[in-house]
Amino acid sequence: MTTEAVRADGGRTSVLRHNRRFRLLWVGQTLSGFGSSMAGVALPLVLLAGSHPPTSVAAVTTVVAVTGLLVRIPAGILSDHHDQRRLMIACDLVRLAVSAAVALFLLAGPLPMWLAIVAVIVSASAMEVFKPSQFQLIRRVVSSEQIPVAVSLNQARAYGVSMAGPAAGGLLIGVYPALPFAVDAVTFLASALCVAAMVPRKRAATASPKNPAVPEPSVVPESSVVPESSVAPERSAIPERSVVPPAPPASTAPPGPEPVRQAPAPAAGFRDRLTVGFRHLAHDPFLRRSTVFFSGMTVVFSMFGSALMLGVGDRPGGATAVGYAFSSAALAGLLGSLAAPSLQRRLPLPVLVASGPAAAGALLTLAWLSGSTLAFVAAFSAMSLLVPAINAAVVSVMATSVPQEILGRVTTANDFVVQLLQPCAPLAAALLLTAYSLPVTALVLAVSYLVLALLAFTLPTPTPAPIAPQEPTRSDA
């Protein structure tokens, strides 16, 4: 890479670091993610402590997965048709109320199962609405050049809180069972305040033009102009120019700008609005193939994790090995998220996407040939290291290639398809281990990953969408 390219990328990262709105969003989501990570560990523990049977506790997790699948597509419609900030604030306040209710019930006694089920249904529904709204908002406040860095920082945030949150939740629940949920409620309040603080200050109204038929040129002061490299003007603002001349007569009017590719306009019917995300995935060559790729990746990786837990955990010292494997995988995911922007700059997209499954396939082949548990665990850590970079690369493409007006529905449709078969993965891993052995399971996983690596090289070049103006942002040092 040239020195100029390094400096340019460093400049984009620096601008993002000083993007006040992105900082607010990132800090708010770090806090709420930390609280949710604590509560996610604390809820099954308090239910078990309340003498609820393990099958009922496990059913709560199933309810979360089913709720996510049912709400995901309608959530995308809401995100596309309503103000994303208000939706995010409403979701945070709803989850605040749920966490506070759980904490109050725990102050009075054991948590009833009906309340736990209601709490996870409401919280999961709010989360499904929040996610596409957040993704839309990032695209509005971050320039297209900075989206890969923004996605990587968000992934690093998620891995970080997943490492710290469970430990903190276990510590707090040992002090008092209601504490993790009370802290979770406070973090949702902090997140809502951060999102609310992102609203731009309204500028003073300009004087009315002297001649109402011909408006005066509107000039933006130089001190208020935001550099083009960091952000672009509001979608509803006047594009491209700071001075608007009077309209020429109709007979001499110059031709308008060249037409740009627009999203397929949703029809009036609810079915068309509901399915526009799926139709866009089906018609976009890159997204269609990448969705198939990630569907396979999700199933195989879930099988991998289940095989690691079931196949290694029942061996002597296996519980310790599994614990170290998942801890190292979380650390690898954090490091992979931080390295993602650099990897995206240095590797072509097909090579980057193929690198993870290729490395895992090679190590799993070694595990099959040698019967080595260490090679099996190393393959899992390798995938955990490279998956964040792969995900960041494809998500960045989606953020810059999907038209803004359907972005919420396209992202939720993609998530729906990618995760549709994931619940089958643990059962498939258990059947393989029961019928055969861990080395044979490693061989099946190796072949699956190598097929995915070959599929990655068939990804077509993504087609960029028309440049969607971002909201002006104020950069604070």
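Conventions and cut-offs
Residues numbered from 1 in each chain as written. Predicted model: local features only at pLDDT ≥ 70, side-chain atom pairs only at ≥ 80, totals over all residues. Heavy atoms only, no water. Axes fitted to C-alpha atoms, helices over the stretch in contact; angles between N-to-C directions. Helix = DSSP H or I, 4+ residues; strand = E, 2+ residues; numbered from the N terminus. Parallel < 35°, antiparallel > 145°, perpendicular 65-115°, else oblique. Left-handed = near helix turned anticlockwise from the far one by under 90°. Contact = heavy atoms within 4.5 Å. Buried < 20%, exposed > 50% of the residue type's maximum accessible area, 1.4 Å probe, protein only. Bend = angle between axes of the 7 residues up to and from the residue. Core = buried A, V, L, I, M, F, W, Y, C linked by side-chain atoms within 4.5 Å.

**Description of the packing of helix 11 (residues 349-370) against helix 12 (residues 373-401)**
- Following both chains from N to C, one finds helix 11 and helix 12 inclined at 165°, their axes separated by 9 Å at the closest point. Taken together, the axes of helix 11 and helix 12 are roughly antiparallel relative to one another. As for how helix 11 packs across helix 12, the hand of that crossing is left-handed. Counting all contacts with helix 11, which are made through L349, L352, V353, S355, G356, P357, A359, A360, L363, L364, L366 and A367, the residues of helix 12 involved are A375, F376, A378, A379, A382, M383, L386, A389, I390, A393, V394 and V397.

**Some thoughts on the environment of M198**
- Looking at the element boundaries, M198 is found in the loop between helix 7 (179-196) and helix 8 (270-283).
- Its relative accessible area of 0% is what places M198 among the buried residues.
- Residues M198 and R20, spaced 178 residues apart in sequence, show a C-alpha to C-alpha distance of 7.9 Å.
- With near-sequence residues (within four places) excluded, M198 lies in contact with R21, L24, L25, R85, L137 and V141.

**Brief notes about helix 10 (residues 318-346)**
- Along its length, helix 10 reaches its greatest deviation from straightness, about 50°, at A339, and the proline P341 lies no more than four positions downstream.
- For helix 10, the secondary structure elements touched by its buried residues are helix 6 (147-175), helix 9 (285-313), helix 11 and helix 12.

**A short note on the nonpolar core**
- In this structure, V142, F293, F304, L364, F376 and Y449 are the most contacted members of the largest nonpolar core, which totals 79 residues.
- Tallying contributions element by element places helix 12 first for this core, with 14 residues.
- Residues within four places of Y449 in sequence aside, it is in contact with M297, V300, F301, F304, P357, A360, G361, L364 and M383.
- In this structure, L43, V60, A103 and L115 belong to the second largest nonpolar core, which totals 20 residues.

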